[in-house]
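One-letter residues, chain by chain:
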Amino acid sequence: MKLHLGGQFSFYIPGHPHQVDVPLEKPSRLSEILTRLGIPVAEINLAVVNGELVELQSAVISQQDEVKIYPPVSGG
Amino acid sequence: MYGTTAKVLRVNLTTGAMAIETLSEDFYRLYPGGKALAGYILLKELPAHTEPFAPENVLVMANGLLTGAPVSTATRYVVSARSPLTNGYGESEAGGFWGPELKMAGFEAIVFTGRAPQPVYLWVHDGQAEIRPAAHLWGQETAPVQETIRAELGDDKIRVLQIGIAGENLVRYAGITNDLRHFNGRNGMGAVMGSKNLRAVAVRGSQRYQTLAYDSEALMALGRKLAKGVRESPQAWDLQQRGTPGLVEALNTGGILPTRNFRQGTFENVDDVKWEAYEKQLLTARRSCYACAIRCKREVAIDGQVSVYGGPEYETVGAFGPDCGINDLHAIAKANELCNAFMLDSISTGATIAFAMECFEHGLIGLDDTDGIELRFGNAEAMLQMIVRIARRQGFGDLLAEGSRRAAEKIGGEAKFFAMQVKGQELAMHEPRGKYNVGMGYAISEIGADHLVVAHDPTLANPDSLTFKNARSLGIAVAQPPRSLSDEKMNHFYILERWNSLEKAIGYCFFGPAPRSFILPEEVLVSINAATGWDMTMEEALQIGERATNMARIFNLREGFSRKDDTLPERLFQGLENGPLQGNAIPRDEFEHALTVLYGLKGWDPETGQPTQERLEALSLGWAADSIGMR
């Protein structure tokens, strides 16, 4: 899957990329994939799969999916 | 007394007389600078119903207790006066270098009264002050004025705070800049300076904060810890990497990116204005405020030239971009440059132009009114032309220079519905239909719609998040969804407003302390006590914030404000037109109920919004009851 790291989530991945390709052998829960990558799911405010907002806990992701995650943002 | 110079410089611009006042420790512990000190001075010294542009208006520039301390994000100073935009309590904070330099020059605050017979600027250096002529600076853009002042005083390290031609022309949302890149944008404080014929305040000092501190080693140790913390905090890291323009995409995804004058919550051309585009098209470097390790400021190049005015913040991208339906980053950067050269508040400028665009599209105004300019959403050239007209008060710009509320009254008809303002001040670029406490902040703030009253709702929505855990020591106990106006949500508001108001009194930036960022509440307390030698508790510190808020409230009550002014533009009680929150509106009945609950927590009368005598006494503000005829 293609994972777009919104806001601070690049912080948790070595090299701090905006986007990473994550190989998936079989469809998996998004929360489990992110936890495996070292991304704290409690910090996620919005998760988008193929352009649609999804529930983080129940979303199941396949290899061809495009996922975006964002933290809460405020102020400026 | 430690931690402060305790000196206030008083300047009568009419007579040229100056005096230095020394504050006592007992006083300073209750009103330790910034919003608290400015609020006290305005309430005590500004006669009720003084016209904002009258010489009698009192203009206060006040550092916070910790402004200039060697601690990340403790850089802020406040400028206050009666606001020409709202006719109420006026206030605007800025970071940068000017506040710390003022402290190094020996002063916590400057209080201006009167009006200079001719344009002047004030030169403050190491305990001295001098009023100097500024007729040769009047009418010029801000960059050459800074250069001229530094050259004629012979020191290129002088920090220059100044207005631009917008302030000279009394544009009601004219701002103030320091170092050309930091802004007291809101509430028209630049117009008050202009009305006093005061173009600039130049400062230079050689003192260091460490020599003022009670325990300078503890303060330095905290400063080093926080500098390291910036590198280890995901929130601070993101502010450094992307700065505030990084917010655009996340807000759009959540359906809360104000678009086309708050009609919509998502912008179809967001890819053209989001961070990746900004980074590619504009960014040249990252910059900092005084002693701050975050470095959230952007430097940009426009047409191959590095701008001396810095890059647009999120608010500016939002106001001149999606809110005006514009997807041209180059034009947005140009708009930012114009605002900073003329010194206009970019939020109110963009929002007022968006208001006018909607009036134009509804046929309430036409080409005859707009000097022949097709003022439609998406027309970047029209937007840029209108900024210049506003700053110069030329043609249609003269009406828009009055702000959206006054312009709507003049235009008439439906225009009132399109003016996205509270108490006369335009909304910042945060859509409250997706975060209800932001809406409550817009409604209840003494300065009109302000987005920095409380931490935004999503930061406290997940009990397992770092932001929520870091707020626990403030008393935040139960996570709440963003779109809730529950009693517990109002409890969040009450706690967070005390906290943010404290930050504005002691000089911390919104991007430093938790829950928005990484400095723990306990560490803020350590910094206060290390600076002063006090044994302040968290409750005493939070009372400073609540005291400051109540003084601003009393100021407004004295001017005739009441509960009816704590409301929102009608549009927000109606559904968003697009995006994931399409159709979502702030529920009016729940909003009114929540306001009553919040008044109760604040100790304010539910009908009038007036603080009770009991609450005022508890906040050591019994003296202020007199000014609203309570005894």
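Note that the structure is a prediction, hence the values are computed from the model and not measured.

### As for the overall build of chain A
Phase 1 of the analysis: Check the secondary structure of chain A and you find one helix and seven strands.
Phase 2 of the analysis: Relative to the globule expectation of 11 Å for 76 residues, the C-alpha radius of gyration of chain A, 12 Å, shows essentially globular dimensions.
Phase 3 of the analysis: If you line up chain A on its principal axes, its C-alpha atoms span 40 × 25 × 20 Å.
Phase 4 of the analysis: Sequence separation of 24 or more characterises 53% of the internal contacts of chain A that already satisfy a separation of 6 or more.

### Describing the domain arrangement of chain B
Residue and element names in this part refer to chain B.
Phase 1 of the analysis: With domains assigned, chain B is organised as domain 1 (7-211), domain 2 (245-417) and domain 3 (432-628).
Phase 2 of the analysis: A straight line from the C-alpha centre of domain 1 to that of domain 3 covers 27 Å.
Phase 3 of the analysis: Listed as interface residues are 39 residues of domain 1 and, on the opposing side, 31 residues of domain 3.
Phase 4 of the analysis: Put simply, the parts of the chain that give the side of domain 1 that touches domain 3 at least two residues each are helix 1 (25-30), helix 2 (34-45) and strand 5 (89-94).
Phase 5 of the analysis: For the side of domain 1 that touches domain 3, the element with the highest residue contribution is helix 2, accounting for seven residues.
Phase 6 of the analysis: Residue composition of the side of domain 1 that touches domain 3, grouped by class: 15 nonpolar, 18 polar and six charged.

### Some details on the nonpolar core
Phase 1 of the analysis: Core analysis: the biggest nonpolar cluster contains 225 residues, and B:Val60, B:Tyr121, B:Val124, B:Ala200, B:Leu344 and B:Met383 have the highest contact counts within it.
Phase 2 of the analysis: Among residues more than four places away in sequence, those in contact with B:Ala200 are B:Tyr121, B:Ala134, B:Leu137, B:Val145, B:Ile149, B:Val160, B:Leu161 and B:Gln162.

### Quick word on the interface of chain A and chain B
Phase 1 of the analysis: If you look at the interface, chain A gives 18 residues, while chain B gives 31 residues.
Phase 2 of the analysis: For the side of chain A that touches chain B, the per-class residue count stands at eight nonpolar, eight polar and two charged.

### Considering unusual backbone geometry
With the exception of glycine, the majority of residues adopt a negative phi angle, and the majority of peptide bonds are in the trans configuration.
All names here are of chain B.
Phase 1 of the analysis: A cis amide bond, omega 0°, links Ala 514 with the succeeding residue Pro 515.
Phase 2 of the analysis: Of note, Pro 515 is situated in the loop between helix 20 (487-506) and helix 21 (521-532).
Phase 3 of the analysis: The backbone phi angle of His 49 is positive, close to 65°, even though this residue is not glycine.
Phase 4 of the analysis: Positionally, His 49 belongs in the loop between helix 2 and strand 3 (59-63).
Phase 5 of the analysis: The class of His 49 is exposed, set by 11 C-beta atoms lying within 10 Å.

### A short note on the pairing of strand 8 (residues 128-133) of chain B
Two faces belong to every sheet, and in a regular strand the side chains alternate between them.
All names here are of chain B.
Phase 1 of the analysis: The pairing of strand 7 (residues 120-125) with strand 8 spans six bridges and is classified as antiparallel. If you follow Val 120 over to strand 8, its bridge partner there is Pro 133.
Phase 2 of the analysis: A loop of two residues connects strand 7 with strand 8, the two strands running antiparallel in sequence, and Asp 126 in this loop sits at a positive phi of about 40°.

### Considering the sheet that holds strand 1 (residues 7-12) of chain B
Backbone-to-backbone hydrogen bonds join strands into a sheet, with any given pair of strands oriented parallel or antiparallel.
Residue and element names in this part refer to chain B.
Phase 1 of the analysis: Reading across the sheet, the six strands line up as 2-1-6-3-4-5 and stay open at both edges, with mixed pairing between neighbours. Because the sheet does not close on itself, it has two edges, and the strands there are strand 2 (18-22) and strand 5. Strand-to-strand twist in this sheet, taken as the mean axis angle between neighbours without regard to direction, amounts to 15°.
Phase 2 of the analysis: Sheet topology note: the strand 1/strand 6 (residues 109-113) ladder contains five bridges and is parallel. Residue pairing in the sheet places Leu 9 in a bridge with Ile 110 of strand 6.
Phase 3 of the analysis: This element, helix 2, spans strand 3, strand 4 (77-82), strand 5 and strand 6 of the sheet and lies at about 155° to strand 3.

Reading the values: the criteria
- Residues numbered from 1 in each chain as written.
- Chains lettered and ligands numbered in written order.
- Predicted model: local features only at pLDDT ≥ 70, side-chain atom pairs only at ≥ 80, totals over all residues.
- Helix = DSSP H or I, 4+ residues; strand = E, 2+ residues; numbered from the N terminus.
- Rg over C-alpha atoms; globule rule 2.2 N^0.38 Å.
- Contact = placed C-beta atoms within 7 Å.
- Domains from an automatic or database assignment.
- Nonpolar A, V, L, I, M, F, W, Y, C, P; charged D, E, K, R; others polar.
- Core = buried A, V, L, I, M, F, W, Y, C linked by C-beta atoms within 7 Å.
- Buried ≥ 20, exposed ≤ 12 C-beta atoms within 10 Å, placed from the backbone.
- Pairing = 2+ DSSP bridges.
- Axes fitted to C-alpha atoms, helices over the stretch in contact; angles between N-to-C directions.

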